[in-house]
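Examining the three-dimensional arrangement
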Amino acid sequence: MLANIALSALDDHFARQWHQEMGTSKQRAKRKAKGLGTWRLIRYADDFVLMVTGDRQHAEALREEVSAVLAPMGLRLAPEKTRVIHIDEGFTFLGFDIRRLRKRGTSKQYVYTTPSRKAIQAIKDKVKARTHRSTRHQDLDELILSLNRSLTGWANYFRHGVSKAVFSAIDSFTWLRLMRWTRRKYEGKHRLGMKALRNRFCDKGWRFAWKGAAFTGASSVAVTRYRYRGHSIPTPWTPTPAAALTSS
């Protein structure tokens, strides 16, 4: 909590810079003509990113500026977590991988936000734990409901990114784990074949369903992308961020 209060000084510092020196398109154009950069701070708790339009030297200078603001409060940047990178290289922030890429089939470039590898692995590990052989004491409907809760909660967090393909991949991974778990639990003297599995434990196609509980997974959450609103946003972003200083 104390760190969050102290970091509000960063908000004040960079908000003041923005409103005084970069708040209008005219001000930003003048800075660009003089070879100066522009930037905005995005912070959540003690994780923050400085989005920079300019050269690497501008981002490097900002790192020193951030350190100077934090020093009087007894805080410092963690060297292993603070990087200066180009948006085309991409960076991870709050569980999202953020990177500018060329849209397939076009020459246009867009900034894409996707669930990070670490976030994907975390939900896979949770699915593995829920479908471990030590959990076979529970009934299938209990497991289905438990998996649905975990996957829906995870997907709700990531639903505003480019996540549809990731949700499908997570569901496929979970379905395979669920299939193995079900076969091991319910097979008797003879191995439970796939046809028998489908007839007994699935309702629509290959969807697992048991005692009123049906597997819906992450794909049940609709992906809703944020739309570009330009200068209608109260605190408009710089148009084409070229570099970022990140710390988490």
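The preceding data block contains the structure.
I will try to describe carefully the structure that is included in this document. Each chain carries its own residue numbering, running from 1 in the direction its sequence is written. Two thresholds apply to this predicted model, a pLDDT of at least 70 for residue-level local features and 80 or more for giving and counting side-chain atom pairs, whereas whole-chain, interface and lining totals are computed over all residues. The side-chain numbers reported here are obtained from all heavy atoms of the structure, hydrogens and water having been left aside.

Moving on to the nonpolar core. Remark: nonpolar core denotes a set of buried residues (Ala, Val, Leu, Ile, Met, Phe, Trp, Tyr, Cys) joined through side-chain atoms within 4.5 Å. Relative accessibility decides the category of a residue: with a 1.4 Å probe and only protein chains considered, values under 20% of the type maximum give buried, values over 50% give exposed, and everything between is partly exposed. Formed by 37 residues in total, the largest nonpolar core has its most connected members in Phe-91, Leu-140, Ile-144, Trp-154, Leu-178, Phe-201 and Phe-208. Elements with a contribution of two residues or more to this core: strand 2 (47-53), strand 4 (91-93), strand 5 (96-102), helix 4 (117-130), helix 5 (140-158), helix 6 (164-186) and helix 7 (194-201). What Phe-201 contacts, discounting residues up to four positions off in sequence, is Leu-140, Thr-182, Tyr-186, Leu-192, Arg-207, Phe-208, Ala-209 and Trp-210. In terms of nonpolar packing, the next biggest core, distinct from the first, is built from 17 residues, Phe-14, Trp-18, Leu-50 and Leu-70 among them. Numbering goes from the N terminus for both helices and strands, where a helix is a DSSP run of H or I of at least four residues and a strand is a run of E of at least two. A contact between two residues is defined here by any heavy atoms of the two lying within 4.5 Å.

Right, let's talk about the pattern of salt bridges for a bit. When a carboxyl oxygen of Asp or Glu is within 4 Å of a side-chain nitrogen of Lys or Arg, the pair counts as a salt bridge. In the structure shown here, the tally under the stated rule is 7 salt bridges. The partner of Glu-21 in a salt bridge is Arg-31, and the shortest N-O contact between them spans 3.3 Å. Here the residue Glu-21 occupies a position in helix 1 (residues 2-22), and Arg-31 occupies one in helix 2 (residues 25-33), the gap between them amounting to 10 residues. The exposure class assigned to Glu-21 is partly exposed, which follows from its relative accessible area of 35%. For Arg-100, the salt bridge goes to Asp-88, with nearest N and O atoms at 2.8 Å. Here the residue Arg-100 occupies a position in strand 5, and Asp-88 occupies one in the loop between strand 3 (83-86) and strand 4, the gap between them amounting to 12 residues. For Asp-88, a relative accessible area of 29% translates into the label partly exposed. Here the salt bridges share partners, and the residues they tie into one network are Arg-56, Glu-60 and Arg-63.

Here we take up the packing of helix 6 against helix 7. Packing of helix 6 against helix 7 brings their axes to within 11 Å, and their N-to-C directions diverge by 95°. Relative to helix 7, the element helix 6 is oriented roughly perpendicular. Across from Trp-175, Met-179, Thr-182, Arg-183 and Tyr-186 in helix 6, the residues of helix 7 making contact are Met-194, Leu-197, Arg-200 and Phe-201. Under this grouping Gly is polar, as are all residues other than the nonpolar Ala, Val, Leu, Ile, Met, Phe, Trp, Tyr, Cys and Pro and the charged Asp, Glu, Lys and Arg. In the contact of helix 6 with helix 7, the residues fall into 6 nonpolar, 1 polar and 2 charged. Convention adopted: a line fitted to C-alpha atoms gives each axis, helices being fitted over their contacting stretch, and angles between N-to-C directions are expressed from 0 to 180 degrees. For classification purposes, angles smaller than 35 degrees are called roughly parallel, those larger than 145 roughly antiparallel, those between 65 and 115 roughly perpendicular, and all remaining angles oblique.

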